[in-house]
Amino acid sequence: MMAEWPVLWSFRRCPYAMRARLALKSAAIKTELREITLKDKPAAFLAVSKAATVPALVTASGRIIDESRDIMFWALQQSGDPEGWLDCWYADKNAVTAFLDRLEGPFKDDLDKYKYAPRYTGYGSCDEDSFSVTHRARGSAFLDETEQRLCVTGFLSGPAAGLMDYAAFPFVRQFRIADPDWFDQQDWPCLHKWLQAFLHSPAFNAVMTKYQPWQAGQAPSWL
């Protein structure tokens, strides 16, 4: 039986879930939002997501899409991409793919090891600080390149914000959260301006509404 609307399983602070919500909002696709807590994942969610990770989208036809990048593409292509997020993709698919692969691969790995160093070194380890600083430096090298690109084009996607910007923004936000004072002191004027614009944008605020964790039988929450 087909559902009337897609259902998105989400966790508010997860950067992958953020960008999925941003894409669905841009696409103006009415979507039921089901917020979960990572410490108490409901059985209905686990039945959908084999990896038990968010985001996970169940389309109205019953198709399950459990990668945030795929959710973004699905939403934008399904809707005709009303805000032109995919213009950069159609202009140079290889370049966009290479950027997303670096963002979700090496940069995300360095972000995690910088922000959550104790998980990798052992809590209270004497190596914790040096480990964190090493991965902060590696992540910063990627942000140095991002800064250079932004100073030339204004946005990662080109002259206007698009797929690359909305895909990257939640992860850059996390990188800053790890140590805001340090981040704000770095010589990244274009990156700081870009990040702050997204942090204060109506689009971001619209997808960061707080919801109580989903429970079976409750009235739906809509994205």
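Now for a look at the structure at hand. (Residues numbered from 1 in each chain as written. Predicted model: local features only at pLDDT ≥ 70, side-chain atom pairs only at ≥ 80, totals over all residues. Heavy atoms only, no water.)

## Considering the packing of helix 3 (residues 68-79) against helix 8 (residues 163-178)
In contact at an axis separation of 12 Å, helix 3 and helix 8 are set at 145° when each is read in the N-to-C sense. Handedness of the crossing formed by helix 3 with helix 8: right-handed. Only Leu163, Tyr166 and Ala167 of helix 8 make contact with helix 3, whose side of the interface consists of Met72, Phe73 and Leu76. A class-by-class count of the residues in the contact of helix 3 with helix 8 yields 6 nonpolar, no polar and no charged. (Axes fitted to C-alpha atoms, helices over the stretch in contact; angles between N-to-C directions. Helix = DSSP H or I, 4+ residues; strand = E, 2+ residues; numbered from the N terminus. Left-handed = near helix turned anticlockwise from the far one by under 90°. Contact = heavy atoms within 4.5 Å. Nonpolar A, V, L, I, M, F, W, Y, C, P; charged D, E, K, R; others polar.)

## Remarks on the sheet that holds strand 5 (residues 221-222)
The strand order 4-3-1-2-5 describes an open sheet built from 5 strands, whose pairing is mixed. A strand with exactly one partner marks an edge of an open sheet, and here the two such strands are strand 4 (64-65) and strand 5. Here 4 bridges tie strand 1 (residues 7-10) to strand 2 (residues 32-35), and the two strands are oriented parallel to one another. Residue pairing for strand 2: Val7 is matched across the bridge by Glu32. In the packing of helix 1 (residues 15-26) onto the sheet, contacts are made with strand 1, strand 2 and strand 3 (56-58), and the angle to strand 1 comes to roughly 155°. (Pairing = 2+ DSSP bridges.)

## Some remarks on the pattern of salt bridges
Applying the stated criterion to the full structure yields 8 salt bridges. Salt-bridge contacts for Asp112 lead to Lys108; the nearest nitrogen and oxygen are separated by 2.8 Å. Here Asp112 pairs with Lys108, and both are found in helix 5 (residues 93-115), just 4 residues apart, close to one helical turn. We note that Asp112, like Lys108, is buried. (Salt bridge = Lys/Arg side-chain N within 4 Å of Asp/Glu carboxyl O. Buried < 20%, exposed > 50% of the residue type's maximum accessible area, 1.4 Å probe, protein only.)

## Points about unusual backbone geometry
It is generally the case that most residues other than glycine have a negative phi and that most peptide bonds are trans. In this structure, Pro55 follows Val54 across a cis peptide bond, with omega equal to 0°. Backbone geometry at Ala28 places phi at a positive 60°, although glycine is not the residue there. Residue Ala28 is classed as exposed on the basis of its relative accessible area of 64%. In the Ramachandran plot, Asp81 falls in the positive-phi region, its phi being about 55° despite a non-glycine side chain. With respect to the helices, strands and loops of the structure, Asp81 is situated in the loop between helix 3 and helix 4 (87-91). On the accessibility criterion, Asp81 (11% relative accessible area) is buried.

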